[in-house]
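Chain residues, written in single-letter form:
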Number of protein chains: 2
Amino acid sequence: MRILILGGDGYLGWPTAMRLTLRGHSVMVADNYLRRRLEREVDAVPLYETPDLGTRAAVFAALTEKSICTREGDCTRHEFVDALIRDFQPGAVVHFAEQPSAPYSMMGAEQARLTLENNVGTTFTLIWALLRHAPECHIVKLGTMGEYGTPNIDIEEGWIDVAHRGRSDRFLFPRQGSSLYHTTKILDTDLLHFYARNNGLRVTDLMQGPVYGLTTTECDMDPRLATHFNYDAVFGTVLNRFLVQAVAGMPLTVYGRGGQTRGFLNIEDTLQCIELAINTPAQSGELRILNQFTEQFSVRELAGRVCEVGNRLGLNVAIASLANPRREKEEHYYNAQHHALAELGLEPHLLTEDVIGGMLERVLPYRDAIDVDSIKPRVQWSLDA
Amino acid sequence: MRILILGGDGYLGWPTAMRLTLRGHSVMVADNYLRRRLEREVDAVPLYETPDLGTRAAVFAALTEKSICTREGDCTRHEFVDALIRDFQPGAVVHFAEQPSAPYSMMGAEQARLTLENNVGTTFTLIWALLRHAPECHIVKLGTMGEYGTPNIDIEEGWIDVAHRGRSDRFLFPRQGSSLYHTTKILDTDLLHFYARNNGLRVTDLMQGPVYGLTTTECDMDPRLATHFNYDAVFGTVLNRFLVQAVAGMPLTVYGRGGQTRGFLNIEDTLQCIELAINTPAQSGELRILNQFTEQFSVRELAGRVCEVGNRLGLNVAIASLANPRREKEEHYYNAQHHALAELGLEPHLLTEDVIGGMLERVLPYRDAIDVDSIKPRVQWSLDA
């Protein structure tokens, strides 16, 4: 199948591109390196440098004799995306092309506007390019479990039957994001919901939990194929940040009481989920929503596990509680369904001690390069406009 | 109180400005005449010409010795809105500044993009101007009953308690718009919901039904103070369109079977509702949602009433069923609550035969100027990209 990946330079985008190519698909990736630019803006550095897409595609081609087509451009611009869709005629588009950081979206008005315009703009531009040039194409969109927030009821997979005053109907599961970033993903879902209903688009919206891990089998083929790995307080996700803190000899920073519970998954499982979604496309007019995670943990539990494994490796890991810079519940009910991807065939890579140990060992070679200052939270959810 | 009205040139904006000024408020209105520009773009003409805001404010001042301050500018531009809020320091902002037509939003990619960027952009720009310069200011936002769609359960006022698997929580009432226009109002609500929760904004989101009527007591003071009245298929709302069709001797165009049921209200009641909302501001952090309509009718019933009254006036009115250009249910359950504004003191002007007759008589003097071609639907909800 011809597959277009928007946001193909990212932590998940690049490994996905390699995986799908090795599965025999014809893959094109597009990116405008926005996240790299934003990293520089906030003085964050990844754990190691990664080459640009052209270079990585060349390395990949030399190793595998398979080519990944790369395009540099802004996916909010309709001229750019229209031409990609019209000329490439993809059977599926994997849409990662969003500003991915909740803290970045909460830094101030300009960062909020960029997040809103980039994320909603990319989704909207893609929708119209498909309506014009490839209406049968399947959109596989990366949403977030954070769209649901932390409701006091079980989280279903996207939809819920509501009985009310003797009648009933089925609705999108209620959503309430805890940052503007999460809220833009809610807006994306609203737009996809409308255009699926009205124009028959095929959409799979993956409600993904925080991803952890440094590598995939394809990344391991050559150091230049490594994925872009952030650990700073703006672009790093919580478990990846803990891994780097453990190696740096810095206490793991738990925000508040650490009772925040989420569904997590290994980067290897993200790739499986995307492949499973592509292999079983949504119907015309369907907004299919799949909850994409494998295990639930509280932040406190995650820190405890990293601490334990790290100390066994002689790392001398401690845990520190910081005043929570975010506005979120620190103790709450959380029980989210995640059957659908398992039924499609997902074989989870769970967070065992071996997995944690293996990730810590992969961080160790970069110990001296870690910028510990960048890990301290510096974005307050309360307004400082 | 100092009150800023965004979209003050509109069908509802200008009468609201006069009403609030005569109530003793200090009123500033802003508009960029977008709707007038879009009317020209689609070759729609209002029933009669209305002067620009500066001229209307001068006429109003000459009659009442009260001034309405007018500003021309684009409310998606943060420099413009920031300066308005910073300098005027309103206690309330009434936000009408949105592209108001569902058919326009469905004409094609460009019109959809304009609707999305204008509507969501204005709301976002306003939010941030308030966070920076007037965080205690009360936003009174015009949403639409169309955000709820036509669910198979009773529509509550904004929120619903959901019991699920032995637990329960309170959520935004599920929303599913039937056009991109309606969907942009859903996105607005999502944004206001987030910034109310996170930053303590005070928000009243008025879920308004289709408004009808040609005038208010203030508009009646002078012909030059009349409100801008559209009747064409793009910018006219259904009952206003029927009134003009009846006078023009053209059959009332019911889309499909006409079982589409909505909550309607008189323009006089819109003004009351806005005043009631302003007089009882939302709390800090509250997204208060009020369903703003007074009576439910199906389109078929509305046409029947206009037909009956029109024929009694000797107008020879017929009803024609057209293939529905929209994608919507033509027969459906509809029962929407609307207690909250009544409890705040709303005294409805119901759609009596006298009211219909009075409206028809107000249209009669313009009979020869009616552009009947502009009333025929020309926007198909199915894609013609």
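On a predicted model such as this, the values are computed, not experimentally measured, just so you know.

Turning our attention to the overall build of chain A. When its secondary structure is counted, chain A shows 12 helices and 14 strands. Radius of gyration (C-alpha) of chain A: 20 Å, near the 21 Å computed for a compact globule of 385 residues. Per-residue burial for chain A yields a buried fraction of 64% across its 385 residues. Counting contacts in chain A only where the partners sit at least 6 residues apart, residues at least 24 apart contribute 82% of the total. Of note, chain A has its 37 positive side-chain charges centred 3 Å away from the centre of its 49 negative side-chain charges.

It is worth spelling out the interface of chain A and chain B at this point. Reports often express the size of an interface as the amount of accessible area lost when the parts come together. Tallying the contact residues gives 52 residues for chain A and 51 residues for chain B. Three residues, Arg113(A), Arg167(A) and Asn198(A), lead the burial of chain A against chain B; their summed loss comes to 13% of the area buried on that side. Counting across the chain A and chain B interface gives 2 salt bridges. In this structure, Glu156(A) engages Arg165(B) in a salt bridge whose closest nitrogen and oxygen atoms are separated by 3.1 Å. Our count for the contact surface shared by chain A and chain B stands at 18 residue pairs in polar contact (both at pLDDT 80 or more).

Topologically, Gln292(A) is positioned in strand 12 (residues 287–292). Excluding residues within four positions of it along the chain, Gln292(A) makes contact with Leu142(A), Leu206(A), Met207(A), Gln208(A), Gly209(A), Leu265(A), Thr270(A), Cys273(A) and Leu341(A).

Okay, the sheet that holds strand 11 (residues 261–266) of chain A next. Residue and element names in this part refer to chain A. Spatially, the 3 strands line up as an open sheet ordered 9-11-13, and their pairing is mixed. The open sheet terminates on both sides in strands that have one partner only, identified here as strand 9 (211–212) and strand 13 (295–298). Relative to strand 13, strand 11 is paired through 4 bridges, and the arrangement is antiparallel. Each residue of the ladder has a partner; that of Phe-264, found in strand 13, is Glu-295. This element, helix 9 (residues 267–279), spans strand 9 and strand 11 of the sheet and lies at about 80° to strand 11.

What follows concerns the packing of helix 10 (residues 299–312) of chain A against helix 12 (residues 353–363) of chain A. All names here are of chain A. The N-to-C vectors of helix 10 and helix 12 enclose an angle of 65°; their axes lie 9 Å apart at closest approach. Relative to helix 12, helix 10 is oriented roughly perpendicular. As helix 10 runs across helix 12, the sense of the crossing is right-handed. Residues Arg-305, Val-306, Glu-308, Val-309, Gly-310 and Arg-312 of helix 10 touch helix 12, and the partners they reach there are Glu-353, Ile-356, Gly-357 and Leu-360.

Our next topic: the environment of Leu20(A). All names here are of chain A. Note that Leu-20 resides in helix 1 (residues 13–22). On the basis of relative accessibility, which here comes to 1%, the residue Leu-20 falls in the buried class. It is 7.3 Å that separates the C-alpha atoms of Leu-20 and Glu-275, two residues lying 255 residues apart in sequence. Not counting the four nearest positions on each side in its chain, Leu-20 is found in contact with Ile-3, Ile-5, His-25, Val-27, Glu-275 and Ile-278.

This brings us to unusual backbone geometry. All names here are of chain A. Of note, Glu-65 is a non-glycine position whose phi angle comes to about 60°, a positive value. Among the secondary structure elements, Glu-65 is positioned in the loop between helix 3 (53–64) and strand 3 (69–72). Take Glu-65: its relative accessible area is 75%, and that puts it in the exposed class. In this model, Asn-316 sits at a positive phi of 60°, which is unusual for a non-glycine residue. Within the element layout of this structure, Asn-316 appears in the loop between helix 10 and strand 14 (319–322). A residue is classified by how much of its surface remains accessible, and Asn-316, at 68% relative accessible area, is exposed.

Residues and elements named next belong to chain B. Strand order in the open sheet formed by 3 strands is 9-11-13, with mixed pairing between adjacent strands. Looking at strand neighbours, the two that pair on one side only are strand 9 (211–212) and strand 13 (295–298), the edges of this open sheet. As judged from the 2 bridges shared by strand 9 and strand 11 (residues 261–266), these two strands associate in the parallel manner. Across the sheet, residue Tyr-212 finds its bridge partner in strand 11, namely Asn-266. Sitting on the sheet, helix 9 (residues 267–279) touches strand 9 and strand 11, and the angle it makes with strand 11 is about 80°. Each of strand 11 and strand 13 touches helix 10 (residues 299–312); the most contacted strand, strand 13, lies at about 90° to it.

Residue and element names in this part refer to chain A. Side chains Ala-92 and Val-94 of strand 4 (residues 92–95) all project onto a buried face; the interleaved residues Val-93 and His-95 project onto the opposite face, where all are buried too. In the sheet, strand 1 (residues 2–6) pairs with strand 4 via 4 bridges, with the strands oriented parallel. When the bridges of strand 4 are listed, Ile-3 appears paired with Ala-92.

So, about the packing of aromatic side chains. All names here are of chain A. Counted under the stated rule, the structure contains 19 aromatic pairs over all chains. Look at Tyr-148 and Phe-173: their rings are 5.4 Å apart centre to centre, the planes differ by 85°, and that puts the pair in the edge-to-face class. In this pair, Tyr-148 is assigned in the loop between strand 5 (138–144) and strand 6 (159–164) and Phe-173 in the loop between strand 7 (167–172) and helix 7 (180–199), connecting sequence segments 25 residues apart. What makes Tyr-148 buried here is its relative accessible area of 1%.

For the rest of this paragraph, the subject is the relation of the copies chain A and chain B. Under the fitted operation, chain A is carried onto chain B by 0.0 Å of movement along the axis and a turn of 180°, and the coordinates agree to an RMSD of 0.0 Å. The two molecules are tied by a two-fold rotation axis, judged by turn and shift. The C-alpha atom lying nearest the rotation axis in chain A is that of Leu187(A); the distance is 2.8 Å. Interface overlap between copies: 98% of the residues of chain A at the interface are likewise at the interface in chain B, consistent with a symmetric, same-surface contact.

Parameters at a glance
Residues numbered from 1 in each chain as written. Chains lettered and ligands numbered in written order. Predicted model: local features only at pLDDT ≥ 70, side-chain atom pairs only at ≥ 80, totals over all residues. Heavy atoms only, no water. Helix = DSSP H or I, 4+ residues; strand = E, 2+ residues; numbered from the N terminus. Rg over C-alpha atoms; globule rule 2.2 N^0.38 Å. Buried < 20%, exposed > 50% of the residue type's maximum accessible area, 1.4 Å probe, protein only. Contact = heavy atoms within 4.5 Å. Lys, Arg positive; Asp, Glu negative; His and termini not counted. Charge placed at Lys NZ, Arg CZ, Asp CG, Glu CD. Buried area = accessible area lost by both parts, 1.4 Å probe. Salt bridge = Lys/Arg side-chain N within 4 Å of Asp/Glu carboxyl O. Polar contact = N/O pair within 3.5 Å; in protein donor to acceptor, adjacent residues only side chain to side chain. Pairing = 2+ DSSP bridges. Axes fitted to C-alpha atoms, helices over the stretch in contact; angles between N-to-C directions. Parallel < 35°, antiparallel > 145°, perpendicular 65-115°, else oblique. Left-handed = near helix turned anticlockwise from the far one by under 90°. Phe/Tyr/Trp six-rings, centres within 6.5 Å; stacked < 30°, edge-to-face > 60°. Least-squares fit on C-alpha atoms with pLDDT ≥ 70 in both.

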